[in-house]
Structure formats: C-alpha cells, structure tokens
Amino acid sequence: TAGTTGQSLRVEALKINLTGPLKDKELLYRAHVQNIGWMDWTKGGEVAGTTGQALRMEAIEIKLPEELAKDYDLTYRAHVAGIGWMNWVHDGELAGTTGKALRLEAIEIKIDAR
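Below, the structure is looked at part by part. (Residues numbered from 1 in each chain as written. Predicted model: local features only at pLDDT ≥ 70, side-chain atom pairs only at ≥ 80, totals over all residues. Heavy atoms only, no water.)

**So, the packing of aromatic side chains**
Rules: Aromatic pairing here means that ring centres of Phe, Tyr or Trp (its six-membered ring) are within 6.5 Å. Orientation follows from the plane angle: under 30 degrees is stacked, over 60 is edge-to-face, and everything else is tilted. Consider the ring centre and the ring normal. A charge sits over the ring if Lys NZ or Arg CZ is within 6 Å of that centre and within 35 degrees of that normal.
Under the criterion given, the structure shown has zero aromatic pairs. The ring of Trp38 is capped by Arg30, whose NZ or CZ atom sits 4.5 Å from the centre of that ring. Between the NZ or CZ atom of Arg77 and the centre of the ring of Trp85, over which it lies, the distance is 4.4 Å.

Here it is in structure tokens:
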C-alpha cells in the first residue's frame, strides 16, 4: 500500500518499482491530476503525477507490459476522499475518480502468477 488512510492527505505523485522475482521488470502507469487531467504513461520508477505543485492525483491506471501479461494478473484499488477503498480493478482499468475533484489518498497493488 502507498499513501495513507484516515489522515485526509492527498497523493501528489507516485513511483512504482517491482520487487522479488519481477524486480527487473517494469509496470506502465499514468496519473489523472487536478487541473491537468491524464498525464503521459510512465514506467519503472518514473514519477506519475506532480511534485512541488500541491496538485492532487485523482485517479491512476496501471498495466502490465505484454511480456508479463501472459503469466501474471494485475489488480489494484484506490482509497479516495469521501469514498474509502474502492473496488479492485484489473490491468489498465481506472482506479479512483475523474471529474469529481476527489483526492486519491492511497493505492494498493497486487500481482499474482496465473
């Protein structure tokens, strides 16, 4: 889990690095940010979102690269202000909200072998 719950704090930026047997692989991800909208896709430890601008992330999409998608399942969920933990979503789907001005407070990611 990245971020916090129950503290009313926003996620502004996120870097995702894999560990364990997938430590040499990279996920693809992008952030939907206040006043900006969807940002470009990033990968493997690059920053999604903004730093030093006090802008909230509102949603995120994460996907496995093709070489991992055949052997692994990716699921993730967002904790959103005023909502709490939302339902789990799968590879490439939207976690969080857009158009509602709600801050993303935390995200949880799972990768399971098939």
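**A look at the pairing of strand β7 (residues 57–63)**
For clarity, the cut-off: Whether a residue is buried, partly exposed or exposed follows from its accessible area with a 1.4 Å probe, protein chains only, as a fraction of its type maximum: under 20%, in between, or over 50%, in that order. Secondary structure is summarised from DSSP: a helix means a run of H or I of at least four residues, a strand means a run of E of at least two, and numbering begins at the N terminus for each. Two strands qualify as a pair provided DSSP detects at least 2 bridges between them.
Taken across its seven residues, β7 has six buried, putting it largely inside the fold. Examined bridge by bridge, strand β3 (residues 28–33) and β7 share six bridges and lie antiparallel to one another. Within the sheet, the bridge partner assigned to Leu28 lies in β7 and is Lys63. Of the strand pairs in this sheet, β7 and strand β11 (residues 94–96) are connected by three bridges, and their pairing is antiparallel. Bridge pairing in β11 places Ile60 opposite Ala95.

**Topic: the side chain of Glu105**
Convention followed: Contacts are assigned to residue pairs that have any heavy atoms within 4.5 Å of one another.
By secondary structure assignment, the location of Glu105 is in strand β12 (residues 104–113). If near-sequence neighbours (up to four positions away) are discounted, Glu105 is found in contact with Ala2, Gly3, Thr4, Ser8, Leu9, Val11, His79, Val80 and Ala81.

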